[in-house]
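In case you want the letters, here they are:
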Amino acid sequence: GELEKAAQTYEEWIASYPRDFRAYLDAGGVYAEQGQYDKAVELTRTSLRLAPENIGPYNDLCNYLLALQRFDETRQIIQQAQAQKMDNLLFHMQSYALAFLAGDSLAMQQQLPWFVDKPEASFGLSLESDSEAYAGHLQKARTLTTRAAESAVRADSKEAGAIWLDNSAMRE
């Protein structure tokens, strides 16, 4: 919980080991937790330059750019990663978020098949549920939330299932 001390420690790590991508990546995470997204982006871009083969900097950079509402840059980073054959849950969640913010329901729907038949299926259902709730389709949102919770439990993620059920109860 002492984020300022953590940031100072990472800055010292960076000074001692300026070629270690992990120091920049972790420092970026600390600054993001403090709401200093511009600083987080700067550090994470350095991490990405040092380790372009590592998926972590791409994921974190996309999250920070989304927080700053720099959507075109977010798309570019996702495309760069995917051009290198990198793919994971976060890229699809981020792409869904970009489509949602743009009001592009077709692009949102195009992301959902990636989640099917994966342990992460509950995340796709949860995204879809949140979108339906936002649109005022509460019954459909509840159904999707229940399915997300059941999917999480099947994937042995009971905690996530409980959270989705709790969020669904709050909508009622």
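Residues numbered from 1 in each chain as written. Predicted model: local features only at pLDDT ≥ 70, side-chain atom pairs only at ≥ 80, totals over all residues. Heavy atoms only, no water.

A.B. asks: Help me get a handle on the overall build of the protein, residues and values and all.
C.D. replies: Check the secondary structure of the protein and you find 10 helices and zero strands. Ordered by position from N to C terminus, the α and β elements of the protein give α-α-α-α-α-α-α-α-α-α. Within the protein, the 25 negative side-chain charges are centred at a point lying 4 Å from the centre of the 16 positive side-chain charges. (Helix = DSSP H or I, 4+ residues; strand = E, 2+ residues; numbered from the N terminus. Lys, Arg positive; Asp, Glu negative; His and termini not counted. Charge placed at Lys NZ, Arg CZ, Asp CG, Glu CD.)

A.B. asks: With reference to specific residues and values, describe helix 8 (residues 121–134).
C.D. replies: With 14 residues, helix 8 ought to run about 20 Å at 1.5 Å a step, and its terminal C-alpha atoms sit 20 Å apart, in line with that. In terms of burial, helix 8 is a largely internal element, 11 of the 14 residues being buried. Burial in helix 8 covers these residues: Ala121, Ser122, Gly124, Leu125, Ser126, Leu127, Glu128, Ser129, Ser131, Glu132 and Ala133. Backbone geometry just downstream of helix 8 places Gly136 in the positive-phi region, at approximately 90°. (Expected span 1.5 Å × (residues − 1). Buried < 20%, exposed > 50% of the residue type's maximum accessible area, 1.4 Å probe, protein only.)

A.B. asks: Tell me about the nonpolar core, and name the residues and values.
C.D. replies: Counting 24 residues, the largest nonpolar core has Ile14, Leu43, Tyr58, Leu61, Ile77 and Phe91 as the members making the most contacts within it. Sequence-distant contacts of Ile14, defined by excluding residues within four places in its chain, comprise Ala23, Tyr24, Ala27 and Leu43. Ranked by size, the runner-up nonpolar core spans nine residues in total, among them Ala99, Ala107, Met108 and Trp114. (Core = buried A, V, L, I, M, F, W, Y, C linked by side-chain atoms within 4.5 Å. Contact = heavy atoms within 4.5 Å.)

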